[in-house]
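Here are the chains, one letter per residue:
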Amino acid sequence: MTKTSEIIRERIQESGARYWAGDNISEFIQDGETDLLIEELTPKFEAVLDSLVIDKENDPNSMDTGRRLAKMYINEIMSGRYLPRPKATAFPNTTDSYDGMLVVRSEIKSVCSHHHQPVSGVAYIGIIAADTLIGLSKYTRIAQWCARRGTLQEELANDIAREIGKATDAEHLGVYIQATHGCCENRGIMATSSLTQTTVLKGSFKDDSGTKKEFMDNIKLQQGFVCK
């Protein structure tokens, strides 16, 4: 019997699309197939436990861990690969035609594609309001959807900027991420404060020093508010 992952992979390869750890492949997944992926993954995670010489039959803490890991990967930490972009209902910017800056703070959780260690941090998304607006919560939903994949922080900042641009039609936008990385904290250098910052700037956020300064000043104000 052909595995579900092989069926999905074949669809992707036939289309010529890419399926790296940070890519969204939802258009190639049919109804019910994520559940089948969980079923397929469960014995593979159990085999990992076997190779780690963990008694999953008698250790009460390890019983059903294989299934829990499979569900966690598909439904949670890498769900942004398998689910379509959250719906972000757009509405016209007609309320006195607001054309100022909007900065939204979004908490994000991701996973490093190198070691599958957790990445935890905050994304600040700034736009100059264009003709299209979306609800405030949608900025965070889109950022979290981009984050829940195997990725690198530099790639994630670009992904969020691209998807927010699509949702809002905004040409002038910025994304600033600061996050801690489990691959630095839990292995390797074992750094306890591995804060990493990345910035992506588009349009006037990149070309106009005043707009860039306003964006960064707003970030500092929000950081100060959260710390109080």
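1. Re the packing of helix 1 (residues 4–15) against helix 2 (residues 33–51)
Next, step 1: Viewed as axis vectors pointing N to C, helix 1 and helix 2 meet at an angle of 130 degrees, and their least axial separation amounts to 9 Å. Put simply, helix 1 runs oblique to helix 2. For the pair helix 1 and helix 2, the contacting residues are Thr 4, Ser 5, Ile 7, Ile 8 and Arg 11 in the first and Glu 33, Leu 36, Leu 37 and Glu 40 in the second.
Next, step 2: Considered class by class, the residues forming the contact of helix 1 with helix 2 number four nonpolar, two polar and three charged.

2. Remarks on the packing of aromatic side chains
Next, step 1: Summed over all chains, the structure comprises three aromatic pairs.
Next, step 2: A ring pair is formed by Phe 45 and Tyr 73, whose centres lie 5.4 Å apart and whose planes are at 35 degrees; its orientation type is tilted. Highlighted residues: Phe 45 in helix 2 and Tyr 73 in helix 3 (residues 65–77), separated in sequence by 28 residues. Both residues of the pair, Phe 45 and Tyr 73, count as buried.
Next, step 3: The ring of Trp 20 carries the charged tip of Arg 18 above its face, separated from the ring centre by 3.7 Å.
Next, step 4: One Lys or Arg, Arg 149, reaches over the ring of Trp 145 and ends 4.4 Å from the middle of that ring.

Thresholds applied
- Residues numbered from 1 in each chain as written.
- Predicted model: local features only at pLDDT ≥ 70, side-chain atom pairs only at ≥ 80, totals over all residues.
- Heavy atoms only, no water.
- Axes fitted to C-alpha atoms, helices over the stretch in contact; angles between N-to-C directions.
- Helix = DSSP H or I, 4+ residues; strand = E, 2+ residues; numbered from the N terminus.
- Parallel < 35°, antiparallel > 145°, perpendicular 65-115°, else oblique.
- Contact = heavy atoms within 4.5 Å.
- Nonpolar A, V, L, I, M, F, W, Y, C, P; charged D, E, K, R; others polar.
- Phe/Tyr/Trp six-rings, centres within 6.5 Å; stacked < 30°, edge-to-face > 60°.
- Buried < 20%, exposed > 50% of the residue type's maximum accessible area, 1.4 Å probe, protein only.
- Lys NZ or Arg CZ within 6 Å of the ring centre and 35° of its normal.

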